[in-house]
Amino acid sequence: MKELLEIIAKSLVEHPDEVEVTEKESGKTLVLELKVAASDMGKVIGKQGRIAKAIRSVVKAAATREDKKVVVDIVQ
């Protein structure tokens with residue numbers, strides 16, 4: 001899941017070298033924290049959060065195959 005989120009985020013931003021994904025696992029829940037450059041934050045979130053919702057949907061769909069619950073947090 002971490003690699004998938006990194007690939008998606010790096011394709012959206014202007015500074016792909018500053019994309020950082022950390023994962024924390026507790027039971028069946030996997031928390032992925034996405035950090036990007038401050039100037040790229042709007043590109044990852046999108047208007048009214050549409051891109052962020054799409055990213056979360058894709059990652060959750062991929063996690064369903066592994067029978068896990070994934071939470072994607074976008075942090076500064």
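You'll find the structure just up there.
The following paragraphs examine the structure supplied in this document. Note that the structure is a prediction, hence the values are computed from the model and not measured.

### Regarding the overall build of the protein chain
Now for step 1: Each helix and strand in the protein chain was counted, giving 3 helices and 3 strands.
Now for step 2: Reading the protein chain from its N end, one meets helices and strands in the order α-β-β-α-α-β.
Now for step 3: Taking 2.2 N^0.38 as the reference for a compact globule, 76 residues should give roughly 11 Å; the C-alpha atoms of the protein chain span a radius of gyration of 12 Å, in line with that estimate.
Now for step 4: Taking all 76 residues of the protein chain together, 32% fall into the buried category.
Now for step 5: Restricting to contacts in the protein chain with at least 6 residues of sequence separation, those with at least 24 account for 55%.
Now for step 6: With the model as given, the accessible surface of the protein chain reaches about 4900 Å², and the carbon-plus-sulfur share is 51%.
Now for step 7: Of the side-chain charges in the protein chain, 14 are positive and 13 negative, and the distance between the mean point of each set is 8 Å.

### Overview of helix H1 (residues 2-12)
Now for step 1: Looking at H1, one finds that the buried residues are Leu5, Ile8 and Ala9. Projected down its long axis, H1 carries its buried residues within an arc of 95°, all on one side. Turned more than 90 degrees from where H1 packs its buried face, Glu3, Ile7 and Ser11 sit exposed.
Now for step 2: The inward-facing, buried residues of H1 contact strand E1 (20-26), strand E2 (29-35), helix H3 (50-65) and strand E3 (69-75).

### Remarks on the nonpolar core
Now for step 1: Counting 18 residues, the largest nonpolar core has Met1, Leu5, Leu32, Leu34, Val36, Val59 and Val70 as the members making the most contacts within it.
Now for step 2: When contributions to this core are tallied by element, the ones reaching two or more residues are H1, E2, helix H2 (41-45), H3 and E3.
Now for step 3: Not counting chain neighbours up to four residues away, the residues in contact with valine 70 comprise Met1, Leu30, Leu32, Val59, Lys60 and Ala63.

### Some thoughts on the pairing of E2
Now for step 1: Sheet topology places E1 next to E2; 7 bridges connect them, and they run antiparallel. When the bridges of E2 are listed, glutamate 20 appears paired with lysine 35.
Now for step 2: As consecutive antiparallel partners, E1 and E2 are separated by 2 residues, and within that stretch glycine 27 has a phi angle of approximately 70°, a positive value.
Now for step 3: Bridge count for E2 against E3 is 7 bridges, and the pairing is parallel. Note that in E3 the partner of leucine 32 across the bridge is valine 72.

Criteria and cut-off values
Residues numbered from 1 in each chain as written. Predicted model: local features only at pLDDT ≥ 70, side-chain atom pairs only at ≥ 80, totals over all residues. Heavy atoms only, no water. Helix = DSSP H or I, 4+ residues; strand = E, 2+ residues; numbered from the N terminus. Rg over C-alpha atoms; globule rule 2.2 N^0.38 Å. Buried < 20%, exposed > 50% of the residue type's maximum accessible area, 1.4 Å probe, protein only. Contact = heavy atoms within 4.5 Å. Areas by Shrake-Rupley, 256 points an atom, 1.4 Å probe, with all protein chains shown as cover. Lys, Arg positive; Asp, Glu negative; His and termini not counted. Charge placed at Lys NZ, Arg CZ, Asp CG, Glu CD. Arc of directions from axis to C-beta. Core = buried A, V, L, I, M, F, W, Y, C linked by side-chain atoms within 4.5 Å. Pairing = 2+ DSSP bridges.

Take it as geometry only, folks, not as evidence of what the structure does.
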